[in-house]
Amino acid sequence: MNIYVLLKKTFDTEEKISVAGGTIEDEGAEFIINPYDEYAVEEAITQRDAHGGEVTVVTVGDEDSEKQLRTALAMGADKAVLINTEEDLDEGDSFTTVKILEAYFEDKEVDLILAGNVAIDEASGQVGPRLAELLGFPYVTTITNLDIKDETVTIEKDVEGDVEIIETSLPLLVTCQQGLNEPRYPSLPGIMKAKKKPLEELEIDDLDLDEEDVEAKTKTIDIYLPPEKEAGRVLEGEISDQVSELVSLLKNEKKVL
Amino acid sequence: MSDKYIVISEVRDGELRHVSFEAIAAAKEINADAEIVGVVVGDGSLESLAKELIYYGADRVISVSHEKLKTYTSEGYGQSIMAIINDENPAGIIMGHTSIGKDLSPKLASKLETGLISDAVAIEKDDDQPVFIRPIYSGKAFEKKIITNGITFVTIRPNNISALEKDESRSGDIETKNVDIADIRTIVKDVVRKASKGVDLSEANVIIAGGRGVKSEDGFKPLYELAEVLGGAVGASRGACDAEYCDYALQIGQTGKVVTPDLYIAVGISGAIQHLAGMSNSKVIVAINKDPEANIFNIADYGIVGDLFEVIPLLIEEFKKVK
Ligand SMILES: Cc1cc2nc3c(=O)[nH]c(=O)nc-3n(C[C@H](O)[C@H](O)[C@H](O)COP(=O)(O)OP(=O)(O)OC[C@H]3O[C@@H](n4cnc5c(N)ncnc54)[C@H](O)[C@@H]3O)c2cc1C
Ligand SMILES: Cc1cc2nc3c(=O)[nH]c(=O)nc-3n(C[C@H](O)[C@H](O)[C@H](O)COP(=O)(O)OP(=O)(O)OC[C@H]3O[C@@H](n4cnc5c(N)ncnc54)[C@H](O)[C@@H]3O)c2cc1C
């Protein structure tokens, strides 16, 4: 099976976020593999081990994205592809990313593409379904189980807590939800091996794309932090007095009752 | 009347989800003079739902009824709604950022080769240009986004944009459209319903959420009692769901439901970033936790440091007095 994983490098949102001049300060910030893409990498490896084939991890990013790709290789992916837009593009949105991915997949034999259901930074959740549509693939989002038997693919999909059992076939694109699996940590031998695994670097020119082909359809005009919340009040005194005070605050001050 | 906006409604258990009405209001915020065309798809008669959309501000409604639309699939819904979009040629499309909205909107945007702004919580106007505000970085920051090219396609987070007042004197044209639906490649074989009927957490005004600190399924009982007193719903953290104290349908957070109630009471929840991503926009947050250092206190308006098993029964009594 030819299995592909779409991987995004994201800002670790557990870290403190600072904003300057309408953009996120990423100088010195910690970048990680988007957590939902870790589920995708893990699932890809498991499916490959069960059915044979190869796992290729693809990212649209910059030079620094190599780090996350190497981590995926260390987990067990076979090959990585970095589509580096640093030199060619200043701006982009989901449309841009998907146009680039579409061009990349144009001449590929694909059985399965796994993506994250959402990236924790920009969090639009658009990339997977958008790409599936352009490639003409069926897709299932937020999956929590994937079972491939011959021609039939059976999926459990999380729908706001309900579970849908879906039957479909390859080629297919899925987006991964928490609960699908437990991503492995890269092992030391895995990390050593990853250094020698193939990592192909492409630019949009290699995909026969110009800047105009991928011009974004949306634009971010400002980024800001929410207004500093007044420090919350931790109530004091006897628990029963705290409880009465809380109820009175909710009723009289916040007027939410 | 100039521009036309399509509002794609969503039906659950035979009723329209409230976010459908909020989407109508959002379209009006984008352009007060626009013609609002409601869209409802499903199986069987959709007439009463169509009327409901009109009461909430739609000028007319197009419905598509087909046996293949009984349960949502991106292909079935996609084909029906694309047929409508092609006929109507709208200036914009609005729908809820729900499970269905998240699944369907990128497909439509891709097909239409347009931009899409997902998960907007507010709309501002800069002259005539609508500016959409959306949370990013797990809710730690916000961005303002505009469409620079093509139609205005937006999904809105439930419970953030107020619906218009329901007005049963309104009337409008209801058109039934026939659509041929080609083969669907993703077949829904079964739906295992976990969420109890009638409660839609994303629409609740009061939520009592329990975490691992609640310690057992039984431990959730007082939370249900409190919710009942307040006319609210019960939610949970991932920790509580993983420990099987309650069902995953109650999970709030990045991988669960995203909620914006007027009052959120977090009980025995530590306040992990993935949990906060689903509730930090709540209007008033109360935290009850025995650990004074718990992160949840950093975003709470009011906190009680104490044992939840002591605090909750007292709270129930106290709320009963004022309700
Ligand atoms: C030069 C350039 C500049 C850009 N600038 C911005 C910007 O300022 N603001 C902005 O919002 N976006 C920008 N983008 C697009 C951005 O990189 C994302 O692809 C896009 O915003 C979608 O992000 P998301 O967080 O909404 O992803 P989601 O759609 O939430 O991601 C879902 C899944 O799609 C896959 N995926 C998403 N992005 C990528 C990727 N880059 N490579 C491989 N797989 C991916 C992953 O599997 C991910 O889990 C830019 C793109 C380019 C090429
Ligand atoms: C990719 C990813 C996605 C995730 N998505 C989500 C998500 O959508 N939603 C979510 O919630 N989590 C999510 N998580 C998990 C999250 O990181 C936390 O593990 C989880 O939220 C912890 O749940 P908790 O607060 O109930 O448990 P804990 O962190 O164990 O906290 C329990 C709290 O209860 C308090 N407590 C204990 N006993 C008492 C008592 N008697 N009285 C009062 N207080 C008491 C303790 O002081 C503690 O603060 C996700 C994680 C990952 C990696």
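Residues numbered from 1 in each chain as written. Chains lettered and ligands numbered in written order. Predicted model: local features only at pLDDT ≥ 70, side-chain atom pairs only at ≥ 80, totals over all residues. Heavy atoms only, no water.

As annotated in an unreviewed UniProt entry, chain B is Electron transfer flavoprotein subunit alpha/FixB family protein from Oceanobacillus profundus. Under the heading Sequence similarities (unreviewed entry), UniProt records this for chain B: "Belongs to the ETF alpha-subunit/FixB family." (UniProt positions renumbered as here; feature names shortened; annotations may be inferred.)

Chain A is annotated in an unreviewed UniProt entry as Electron transfer flavoprotein subunit beta from Oceanobacillus profundus. In its Cofactor (unreviewed entry) section, the UniProt entry covering chain A states "AMP". Quoted verbatim from the Function (unreviewed entry) heading of the UniProt record, the comment on chain A is "The electron transfer flavoprotein serves as a specific electron acceptor for other dehydrogenases. It transfers the electrons to the main respiratory chain via ETF-ubiquinone oxidoreductase (ETF dehydrogenase)."

Trainee: Any chance you could break down the site of ligand 2 for me, citing the residues and the numbers?
Mentor: Arg212(B), Ser237(B), Thr255(B), Ser270(B) and Asn289(B) are the nearest of the 30 residues found near ligand 2. The site occupied by ligand 2 is bordered by residues of chains A and B. The backbone of Gly239(B) places a nitrogen or oxygen atom 3.4 Å from an oxygen atom of ligand 2. In the model, an oxygen atom of ligand 2 is placed 3.1 Å from a nitrogen or oxygen of the Gln254(B) main chain. Among the elements of the structure, helix 1 (35-51) of chain A together with helix 6 (238-242), helix 7 (273-276) and helix 8 (308-322) of chain B are those that each provide at least two residues to the shell around ligand 2. Looking at the shell around ligand 2, the element that brings in the most residues is helix 1 of chain A, giving 3 residues. Considered class by class, the residues forming the shell around ligand 2 number 8 nonpolar, 16 polar and 6 charged. (Near = heavy atom within 4 Å. Polar contact = N/O pair within 3.5 Å; in protein donor to acceptor, adjacent residues only side chain to side chain. Helix = DSSP H or I, 4+ residues; strand = E, 2+ residues; numbered from the N terminus. Nonpolar A, V, L, I, M, F, W, Y, C, P; charged D, E, K, R; others polar.)

Trainee: I'd like to hear about the interface of chain B and chain A, residue by residue, with values.
Mentor: Each side of the interface is counted separately: chain B has 80 residues, and chain A has 72 residues. Buried area between chain B and chain A, summed over both chains or domains, comes out near 6,900 Å², and the portion from carbon and sulfur atoms is 55%. Applying the counting criterion to the chain B and chain A interface returns 10 salt bridges. Where Lys254(A) meets Asp301(B), a salt bridge forms, and the shortest distance between an N and an O atom there is 3.9 Å. At the junction of chain B with chain A, the criterion picks out 46 residue pairs in polar contact (both at pLDDT 80 or more). Counting residues per element, the side of chain B that touches chain A draws most heavily on helix 4 (residues 99-112) of chain B, which supplies 9 residues. (Contact = heavy atoms within 4.5 Å. Buried area = accessible area lost by both parts, 1.4 Å probe. Salt bridge = Lys/Arg side-chain N within 4 Å of Asp/Glu carboxyl O.)

Trainee: So what about the sheet that holds strand 12 (residues 172-176) of chain A? Which residues, and what values?
Mentor: Pairing is mixed in the open sheet, where 10 strands are placed in the order 13(A)-7(A)-6(A)-1(A)-8(A)-12(A)-9(A)-10(A)-11(A)-13(B). Each having just a single partner strand, strand 13 (199-202) of chain A together with strand 13 (187-192) of chain B make up the two edges of the open sheet. Strand-to-strand twist across the sheet, computed as the mean angle between neighbouring axes with direction ignored, equals 25°. Pairing geometry for strand 9 (residues 139-149) of chain A and strand 12 of chain A, over 3 bridges, is parallel. Counted as the bridge partner of Tyr139(A) is Leu173(A) from strand 12 of chain A. Docked against the sheet, helix 4 (residues 127-135) of chain A engages strand 1 (2-6), strand 8 (112-116), strand 9 and strand 12 of chain A, running at close to 180° with respect to strand 12 of chain A. (Pairing = 2+ DSSP bridges. Axes fitted to C-alpha atoms, helices over the stretch in contact; angles between N-to-C directions.)

Trainee: Describe the confidence of the model for chain B, naming the residues involved and giving the relevant values.
Mentor: Per-residue confidence for chain B gives a mean pLDDT of 96, with 98% of residues at or over 70. Predicted as a complex, the structure gets a pTM of 0.96 and an ipTM equal to 0.96. (pLDDT = per-residue confidence, 0-100.)

Trainee: I'd love a proper account of unusual backbone geometry, names of residues and values included.
Mentor: Omega for the peptide link from Leu170(A) to Pro171(A) comes to -5°, which places this bond in the cis form. Relative to the assigned elements, Pro171(A) resides in the loop between strand 11 (162-169) and strand 12. Positive phi values are uncommon outside glycine, yet Asp13(B) reaches one of about 50°. Locating Asp13(B) in the fold gives a position in the loop between strand 2 (11-12) and strand 3 (15-16). Its identity is not glycine, yet Tyr137(B) carries a phi of approximately 50°, on the positive side. Here Tyr137(B) is to be found in the loop between strand 9 (129-136) and strand 10 (141-147).

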